[in-house]
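# Structure assessment
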Amino acid sequence: MTDSDTNGGDTERERVSVPDEVELPRLLDFYELQTEDQTRIHEFYDNLRDGQLTTTQCRDCEEIHFPPRIVCPECTSDDLEYVDLPHEGELYTFSEVRGGLPMGLSEHDVPYVVGVVDLGPVRLSGRVDDAAYSDLEIGDPVSLKIVEIDGPTDEERVFYRFEPQNGDSR
C-alpha cells in the first residue's frame, strides 16, 4: 500500500500520523503565572521561591486562609498579612492518581499520590512525592518539598509538594 488505503475498493483515505512529541499548550499548564504583573498573591510565590511556605492572615478577624487571599472570606477585610506555615505536618488523607492525564504531561507519570496535609493552622492539598500509595498511612509525618516548574513560559516558577519525612515512609 502507498500513503493511502482503500476503503472496500471504492474510495481512498488519506493516512495521517501522530506526532512523536506534543508541546504543552499554555491552557494545560496547571501552575499559575507568579509575578506581580500576573497575580495579586505573588508574595506567596516569592516566599516559596525563598524556601518559605506562607499564607495570608486577616489582621481584623485573625482568620488564617489557604490558599492565600486578597480579601478575607470571613469579614471581607482587605487588611491581610503573610504568615509563615510549618514545613512539617501529618497526612490527613490521600489517594492515588492512576490515569486520565492530558497528553504532554509526562512529568506526571502515573500512578502518583496526592493528599491533604494537616499543618496545624491549615490543611492543604498537594502531591506526595517519593512514596507509593501502599507505603503511606493516615497520620504519617510529611515535610515540605519545593519544586521548580519547567513549562511553556520563560519565567522562573515554583510550587510546593510534600514527601514522607526523612525521605521514606513506614
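Everything discussed here concerns the structure shown above.
The rules behind the values
Residues numbered from 1 in each chain as written. Predicted model: local features only at pLDDT ≥ 70, side-chain atom pairs only at ≥ 80, totals over all residues. Heavy atoms only, no water. Pairing = 2+ DSSP bridges. Helix = DSSP H or I, 4+ residues; strand = E, 2+ residues; numbered from the N terminus. Phe/Tyr/Trp six-rings, centres within 6.5 Å; stacked < 30°, edge-to-face > 60°. Buried < 20%, exposed > 50% of the residue type's maximum accessible area, 1.4 Å probe, protein only. Contact = heavy atoms within 4.5 Å.

## Looking at the sheet that holds strand 3 (residues 54-58)
Read across the sheet, three strands follow the order 4-3-5 without closing on themselves; strand pairing throughout is antiparallel. For this open sheet the edge positions go to strand 4 (64-65) and strand 5 (80-84), each flanked by a neighbour on one side alone.

## Quick look at the packing of aromatic side chains
Tallied over the entire structure, the rule returns six aromatic pairs. Seen from their ring centres, Phe44 and Phe66 are 5.9 Å apart, and the 70 degrees between their planes marks the pair as edge-to-face. Taken together, the residues Phe44 in helix 1 (residues 42-49) and Phe66 in the loop between strand 4 and strand 5 connect sequence positions 22 residues apart. One exposure class covers both Phe44 and Phe66, and it is buried. Ring geometry for Tyr160 against Phe162: centres 6.0 Å apart, planes inclined by 70 degrees, an arrangement best described as edge-to-face.

## Describing the environment of Ala131
Along the polypeptide, Ala131 turns up in the loop between strand 8 (123-128) and strand 9 (141-149). Given a relative accessible area of 17%, Ala131 falls into the buried group. Ignoring anything within four residues of it in the chain, the contact list for Ala131 reads Val113, Leu136 and Pro164.

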